[in-house]
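# A structural walkthrough
Chain by chain, the residues run as shown.
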Amino acid sequence: QNSLLRISDLTKEELLDILNDAHAFSCSHRDWQLPDRTLIANLFFEPSTRTHYSFASAELQLGARVEDFSAAGSSVEKGETLYDTVKTFESIGYNAVVIRHSKDEYFKELENINIPILNAGDGCGNHPTQCLLDLLTIYQEFKTFENIKVAVIGDVTHSRVANSIKEAMAMLGGETRFSGPDEWIHKDESYMPVDEAVKWADVVMMLRIQHERHKETMAMSKEEYLERYGLTKKRAEMMKPHAIIMHPAPVNRGVEIDNDLVECEKSRIFKQMENGVLVRKAVVKRAFGFAPFKDVKL
Ligand code: CP
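Worth saying up front: this structure is predicted, and the values here are computed from it rather than measured.

With that out of the way, let us pick up the site of the ligand. Close to the ligand lie Ser-48, Thr-49, Arg-50, Thr-51, His-52, Gly-121, Gln-130, Pro-248, Ala-249 and Pro-250. A per-class count over the shell around the ligand returns 3 nonpolar, 6 polar and 1 charged. Of the residues that make up the shell around the ligand, three or more belong to each of domain 1 (7-126 + 275-287) and domain 2 (128-273).

Backbone hydrogen bonds are what pair the strands of a sheet, in a parallel or an antiparallel way. Strand order in the open sheet made by the 4 strands is β2-β1-β3-β4, with parallel pairing throughout. Both outer strands of the open sheet, β2 (65-69) and β4 (117-122), are each paired with one neighbouring strand and no more. Along the sheet, successive strands turn relative to each other by an average axial angle of 15 degrees, direction set aside. Pairing geometry for strand β1 (residues 39-44) and β2, over 5 bridges, is parallel. Directly across from Leu-39, in β2, lies its bridge partner Arg-65. Contacts from helix α2 (residues 50-61) reach β1, β2, β3 (96-101) and β4 within the one sheet, and its direction differs from that of β1 by about 175 degrees.

Let us now look at the UniProt feature "domain: Aspartate/ornithine carbamoyltransferase carbamoyl-P binding" (unreviewed entry) in the protein. UniProt tags residues 3-140 as "domain: Aspartate/ornithine carbamoyltransferase carbamoyl-P binding" (unreviewed entry). Here residues 3-140 is 36% helix and 17% strand, with 26 Å between the C-alpha atoms at its ends.

On to the packing of helix α4 (residues 128-142) against helix α5 (residues 162-171), then. Angle between the axes and distance between the axes: these two values describe a pair of packed helices. At their nearest, the axes of α4 and α5 sit 9 Å apart, and the two run at 50 degrees to each other. In terms of orientation, α4 and α5 fall into the oblique class. Classified by chirality, the crossing of α5 by α4 is right-handed. Note on element contacts: α5 touches α4 through Ser-164, Ile-165 and Ala-168, opposite Pro-128, Cys-131, Asp-134 and Leu-135. Considered class by class, the residues forming the contact of α4 with α5 number 5 nonpolar, 1 polar and 1 charged.

Read from one edge of the open sheet, 4 strands run β6-β5-β7-β8, paired in parallel fashion. What marks the edges here is a single partner per strand, and that holds for β6 (175-179) and β8 (244-246). Across the sheet, the axes of successive neighbouring strands diverge by a mean angle of 20 degrees, strand direction being ignored. Note that strand β7 (residues 203-206) and β8 share 3 bridges and pair parallel. Residue Val-203 lies in a different strand from β8, and its bridge partner there is Ile-244.

Moving on, we come to unusual backbone geometry. The step from Ala-249 to Pro-250 runs through a cis peptide bond, and the omega angle for that step is 5 degrees. Structurally, Pro-250 is set in the loop between β8 and α9 (269-287). For Lys-143, which is not a glycine, the phi torsion comes out positive at approximately 60 degrees. Relative to the elements of secondary structure, Lys-143 occurs in the loop between α4 and β5 (149-153). A residue is classified by how many C-beta atoms lie within 10 Å of it, and Lys-143, with 9 of them, is exposed. In this structure, Ala-249 is a non-glycine residue whose phi angle is positive, near 65 degrees. Tracing the sequence through the fold places Ala-249 in the loop between β8 and α9.

Residue position: Ala-58 is located in helix α2. Among the residues examined, Ala-58 registers 26 C-beta atoms within 10 Å and is labelled buried. Contacts of Ala-58, omitting those with residues within four sequence positions, involve Val-277, Arg-280, Lys-281 and Val-284.

Okay, the nonpolar core next. In terms of nonpolar packing, the biggest core is built from 80 residues, with Val-97, Val-152, Ile-153 and Val-204 touching the most fellow members. Here this core gets 8 residues from one element, more than from any other, and that element is α9. A domain split of this core shows at least three residues from each of domain 1 (7-126 + 275-287) and domain 2 (128-273).

On domain assignment, one finds that the protein holds domain 1 (7-126 + 275-287) and domain 2 (128-273). Once you take the C-alpha centre of each, domain 1 and domain 2 turn out to be 25 Å apart. Taken together, the 24 residues of domain 1 in the interface contact 22 residues of domain 2. Those elements giving two or more residues to the side of domain 1 that touches domain 2 turn out to be α1 (12-26), α2, β4 and α9. The dominant element in the side of domain 1 that touches domain 2, judged by the number of residues it contributes, is α9, at 6 residues. By residue class, the composition of the side of domain 1 that touches domain 2 is 10 nonpolar, 10 polar and 4 charged.

Definitions and cut-offs
Residues numbered from 1 in each chain as written. Predicted model: local features only at pLDDT ≥ 70, side-chain atom pairs only at ≥ 80, totals over all residues. Near = placed C-beta within 6 Å. Nonpolar A, V, L, I, M, F, W, Y, C, P; charged D, E, K, R; others polar. Domains from an automatic or database assignment. Pairing = 2+ DSSP bridges. Helix = DSSP H or I, 4+ residues; strand = E, 2+ residues; numbered from the N terminus. Axes fitted to C-alpha atoms, helices over the stretch in contact; angles between N-to-C directions. Contact = placed C-beta atoms within 7 Å. UniProt positions renumbered as here; feature names shortened; annotations may be inferred. Parallel < 35°, antiparallel > 145°, perpendicular 65-115°, else oblique. Left-handed = near helix turned anticlockwise from the far one by under 90°. Buried ≥ 20, exposed ≤ 12 C-beta atoms within 10 Å, placed from the backbone. Core = buried A, V, L, I, M, F, W, Y, C linked by C-beta atoms within 7 Å.

What follows is the structure, given as structure tokens:
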């Protein structure tokens, strides 16, 4: 079994194989199917639109039978643990589980689970398939990762995207800098003020303010946040001509990014979502032990 829990668990070769398979699913391997009667359960203990339904779309397109678990109405309400919930899915015949949970590295409790676990986001920790779809989007644009500069701007400390993209870009020969309000960023060597970061980057990746993970209410108004740290139209004009805008979404339009920029010519935000289905098909295929496609090159 091939679980996917953290981007850092993958070798460079494995990561590139997943991106290559994702690409193959967009062209010559569109019709590839899982064995009949493959059962996959999607366990989302936190809200999600993109990750949940693009996993479901990927699984259904691959011919799997898919069950969407809801904690409400399940025995979680009677106090059943995450481990016992997942062990139950394993025992009743499910072949893989996709899990999003608010606890950082929840999967450490699941070491005795014997079916693949695909991490759809853990607390402020990891979101490996988001990172993979971001990488696919970057590669489609620049046809390389070497020397590509990514500026991740916003609520960096509560993000499960920021560190994964930094690790992955470093592995692939690119570079990542972080920017945002002092209280949501570590001012280490990766830090760059917002205007500088926007001018420097080939990829300007804006992050949502993760209010649900904050202990205190934000002191700034939405308008002030946009002006000081968001991607305004004025800031977007400072971007390099070839640079692109990304955002994992959901987007708070008019807060971290001007409403008019969400679907502008430089934006790849909806392309990222499209790529989400492709990379999730690739990680589901890999989870069941199928070798990477070798006849297609990214
Ligand atoms: N990007 C992302 O994880 O979106 P969802 O929370 O809607 O899944």
